[in-house]
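These are the residues of each chain, in order.
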Amino acid sequence: MHVAILGAGTMGHGIAQVSAMAGHDVTLRDIEADIVDDGLAAIESNLEEGIAREKVTESTAEATLDRLTGTTSLEAAVTGADLVVEAVPEDMDIKHETLTEVESHVDPATLIASNTSSLSLTEIASVLNYPDRAIGLHFFNPVHIMALVEIVVAEQTSAETVARAREFVNGIDKTPVEVADAPGFASSRLGVSLGVEAMRMVQEGVATPGDIDTAMELGYNHPMGPIELGDVVGLDVRLDILEYLRAELGERFRPPQILKRKVRAGKLGKKSGEGFYVWEDGDIVGTSGDWGDA
């Protein structure tokens, strides 16, 4: 298949990597050449790390990179694609604008997928002339390691589209779960609930971010604690999701003040170098000093 990935950030380049590793020809697109180059460089780095850990062979890495191309042109990326996956920012207007342009360049049979983690697929699909081919493919970070993909079914999605999406997910060696288009789907609604309560505990001085994360990692066998995960995902993204879920589902999703303060201060987590933790070269090197009010 020819797979087009729109957005070369953390999720976009991860989806591009696993798609290329599965044998698909992949075009990775973003609005700036530097972002595309950074995405391709991140894929190469992931593959090199996989080789070092003997999880990936050199021949597989080379073949994967050969199947990848980058561009800043949306038309060039999606023309002739069998599947388009948007991984653009979690903003409905941006998604509508992107998918409207995508549909002007693709065949009616092309699947159009969104990697949204919480926004309504039914609303996202509403701008399409052929909304029956819209589907949610919610990947998890880091994409090349996490096995789950949430297939989100919009009101307009056809049974054929669901079947084709499931076939794609199985073909890239991921495990699909199918969910209805409800606010937060399944994983985001539960994951954000855990994350927001962890932030409230930090705000109340119950424990440090590190101790809360360790408790969940060792006590519940989570691969990453909820505070660290928030930093990795992006605290601005967490805040946007909470505001959306609050509007849809009620006050139990009200964002805590500590999260709002950090986002206002530009402390967005790993991508900005500081969130609840301090980050250098992708690693935690300390804890942000304003971790509690008590």
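Residues numbered from 1 in each chain as written. Predicted model: local features only at pLDDT ≥ 70, side-chain atom pairs only at ≥ 80, totals over all residues. Heavy atoms only, no water.

Q: Account for the domain arrangement of the protein chain, with residues named and values stated.
A: When cut into domains, the protein chain gives domain 1 (1–178) and domain 2 (185–285). For the pairing of domain 1 and domain 2, the buried interface totals around 910 Å² over both sides, and the portion due to carbon and sulfur atoms is 61%. Connecting domain 1 to domain 2 are five residue pairs in polar contact (both at pLDDT 80 or more). (Domains from an automatic or database assignment. Buried area = accessible area lost by both parts, 1.4 Å probe. Polar contact = N/O pair within 3.5 Å; in protein donor to acceptor, adjacent residues only side chain to side chain.)

Q: How would you sum up a negative patch on the surface? Please name residues and give values.
A: On the surface, Glu75, Asp91, Asp93, Glu97, Glu101, Glu123, Asp240 and Glu248 cluster together to form a negatively charged patch. Where the negative patch is concerned, the elements lending two or more residues are α5 (92–103) and α11 (235–249). When residues in the negative patch are grouped by element, the largest group, three residues, is from α5. Tracing the backbone shows Asp91 in the loop between β4 (83–86) and α5. You can call Asp91 partly exposed: its relative accessible area is 31%. (Patch = residues over 30% accessible without salt bridge, like charges linked within 9 Å, V, L, I, M, F, W, Y side chains within 5 Å. Areas by Shrake-Rupley, 256 points an atom, 1.4 Å probe, with all protein chains shown as cover. Salt bridge = Lys/Arg side-chain N within 4 Å of Asp/Glu carboxyl O. Lys, Arg positive; Asp, Glu negative; His and termini not counted. Charge placed at Lys NZ, Arg CZ, Asp CG, Glu CD. Helix = DSSP H or I, 4+ residues; strand = E, 2+ residues; numbered from the N terminus. Buried < 20%, exposed > 50% of the residue type's maximum accessible area, 1.4 Å probe, protein only.)

Q: Quick rundown of the pattern of salt bridges? Include the residues and the values.
A: Counted by the stated rule, this structure contains eleven salt bridges. In this structure, Glu90 and Lys95 form a salt bridge, with 3.1 Å as the shortest nitrogen-oxygen distance. Judged by its relative accessible area of 24%, Glu90 is partly exposed. Arg133 is the partner of Glu103 in a salt bridge, and the nearest nitrogen-oxygen pair spans 3.0 Å. Separated by 30 residues along the polypeptide, Glu103 in helix α5 and Arg133 in the loop between α6 (121–125) and β6 (134–139) bring together distant segments of the chain. Sharing partners across several salt bridges, the network here consists of Glu243, Arg246, Glu251 and Arg254.

Q: Give me the lowdown on helix α10 (residues 226–233), citing residues and values where you can.
A: In an α-helix, one turn spans 3.6 residues; hence positions three or four apart end up facing the same way. Across the eight residues that make up α10, a large majority, six, are buried. All of the buried residues in α10 are Pro226, Ile227, Glu228, Gly230, Asp231 and Val232. Its buried side turned inward, α10 meets α8 (187–203), α9 (209–219), α11, β9 (277–280) and β10 (283–287). Where α10 terminates, the next one or two residues include Gly234, which has phi positive at roughly 115 degrees. (Contact = heavy atoms within 4.5 Å.)

Q: Can you explain the packing of aromatic side chains? Please cite residues and give values.
A: By the definition in use, this model includes zero aromatic pairs. The positively charged end of Lys262 is found above the aromatic ring belonging to Phe276, 5.1 Å away from the centroid. (Phe/Tyr/Trp six-rings, centres within 6.5 Å; stacked < 30°, edge-to-face > 60°. Lys NZ or Arg CZ within 6 Å of the ring centre and 35° of its normal.)

Q: How would you explain the UniProt feature "binding site: NAD(+)" (unreviewed entry) in the protein chain if you had to name every residue and give the values?
A: Taking the numbering used here, the UniProt-annotated feature "binding site: NAD(+)" (unreviewed entry) corresponds to Gly7, Ala8, Gly9, Thr10, Met11, Gly12, Asp30, Glu90, Lys95, Ser117, Asn141 and Lys271. Residue position: Met11 is located in helix α1 (residues 10–21). Structurally, Lys271 can be placed in the loop between α12 (257–264) and β9. When sequence neighbours within four positions are dropped, the list of residues in contact with Lys271 reads Gly234, Asp236 and Val237. Within polar-contact distance, the side chain of Lys271 engages the side chain of Asp236 at 2.9 Å. (UniProt positions renumbered as here; feature names shortened; annotations may be inferred.)

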